[in-house]
Amino acid sequence: MKRVVALMTGAVILAIVPSAYAQSAKAQQGAALFAAQKCTMCHSVAGKGNPKGALDNIAAKNKAAHIREWLTDPEGMRARTNATRTPAMKPIKLSPDQIDALIAYLTAGKSAAADAER
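Everything in this summary refers to the structure shown in the same document. (Residues numbered from 1 in each chain as written. Predicted model: local features only at pLDDT ≥ 70, side-chain atom pairs only at ≥ 80, totals over all residues. Heavy atoms only, no water.)

## So, the overall build of the chain
- Secondary structure assignment for the chain yields 6 helices and 2 strands.
- Seen in sequence order, the chain has helices and strands lined up from the N terminus as α-β-β-α-α-α-α-α.
- Taking all 118 residues of the chain together, the buried fraction comes to 22%.
- Partitioning the intrachain contacts of the chain with sequence separation of at least 6 by distance along the chain shows that 52% fall at a separation of at least 24.
- Counting every atom, the chain has about 8,200 Å² of accessible surface; 60% of that belongs to carbon and sulfur. (Helix = DSSP H or I, 4+ residues; strand = E, 2+ residues; numbered from the N terminus. Buried < 20%, exposed > 50% of the residue type's maximum accessible area, 1.4 Å probe, protein only. Contact = heavy atoms within 4.5 Å. Areas by Shrake-Rupley, 256 points an atom, 1.4 Å probe, with all protein chains shown as cover.)

## Brief notes about the packing of helix 3 (residues 64-72) against helix 5 (residues 96-107)
- Two numbers describe how helix 3 lies on helix 5: the axes approach to 10 Å, and their chain directions differ by 125°. It follows that helix 3 is oblique to helix 5 by the angle criterion. The interaxial crossing formed by helix 3 with helix 5 has right-handed handedness. The segment helix 3 lies against helix 5, with Ala64, Ile67, Arg68, Leu71 and Thr72 engaging Ile99, Asp100, Leu102, Ile103, Leu106 and Thr107.
- Taken together, the residues that form the contact of helix 3 with helix 5 break down as 7 nonpolar, 2 polar and 2 charged. (Axes fitted to C-alpha atoms, helices over the stretch in contact; angles between N-to-C directions. Parallel < 35°, antiparallel > 145°, perpendicular 65-115°, else oblique. Left-handed = near helix turned anticlockwise from the far one by under 90°. Nonpolar A, V, L, I, M, F, W, Y, C, P; charged D, E, K, R; others polar.)

## Overview of the environment of Ile67
- By the element assignment, Ile67 lies in helix 3.
- With a relative accessible area of 4%, Ile67 lands in the buried category.
- Separated by 35 residues in sequence, Ile67 and Leu102 place their C-alpha atoms 9.3 Å apart.
- Apart from residues lying up to four places away in sequence, Ile67 is in contact with Ile58, Asn62, Ile103, Leu106 and Thr107.

## Considerations on the packing of aromatic side chains
- Scanning the entire structure with this criterion turns up 1 aromatic pair.
- Judged by centre distance (5.4 Å) and plane angle (55°), the ring pair of Phe34 and Tyr105 falls under tilted. Highlighted residues: Phe34 in helix 1 (residues 2-36) and Tyr105 in helix 5, separated in sequence by 71 residues.
- Assessed through its relative accessible area of 4%, Phe34 is described here as buried.
- Taking the relative accessible area as the measure of exposure, Tyr105 reaches 4% and is therefore buried. (Phe/Tyr/Trp six-rings, centres within 6.5 Å; stacked < 30°, edge-to-face > 60°.)

## Overview of the pattern of salt bridges
- Tallied over the full model, the rule gives 3 salt bridges.
- When the shortest N-O distance is used, the salt bridge between Asp97 and Lys26 registers 3.5 Å. Linking Asp97 in helix 5 with Lys26 in helix 1, this pair joins segments that are 71 residues apart in sequence.
- In this structure, Glu69 engages Arg80 in a salt bridge whose closest nitrogen and oxygen atoms are separated by 2.5 Å. With Glu69 in helix 3 and Arg80 in helix 4 (residues 74-81), the pair connects residues that are 11 residues apart, well separated along the chain. (Salt bridge = Lys/Arg side-chain N within 4 Å of Asp/Glu carboxyl O.)

Here it is as structure tokens:
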């Protein structure tokens, strides 16, 4: 019985580790994209960038779908949420993979953001 439990535990760990690694790699891609798209002109993550648009706790307040909407339709979200911050976020052309990477980065937390900058 103990052997079965040990095997089951090992199987669960092996299933989780690749997923966590893939998420970390995706977050690192998102960090690079965040820098390349010059998002730091208006936003900051882990203290890097414009502190007026800090995104460190964005995942605590928003689900990934909400963040995706901001990235794909900033003008529509600005109108829908009555956002008043200026300048308004401009539409950016990103592939679905790039959007996923940015979401992974923004929802990964400070430790992943710091890892991505190393």
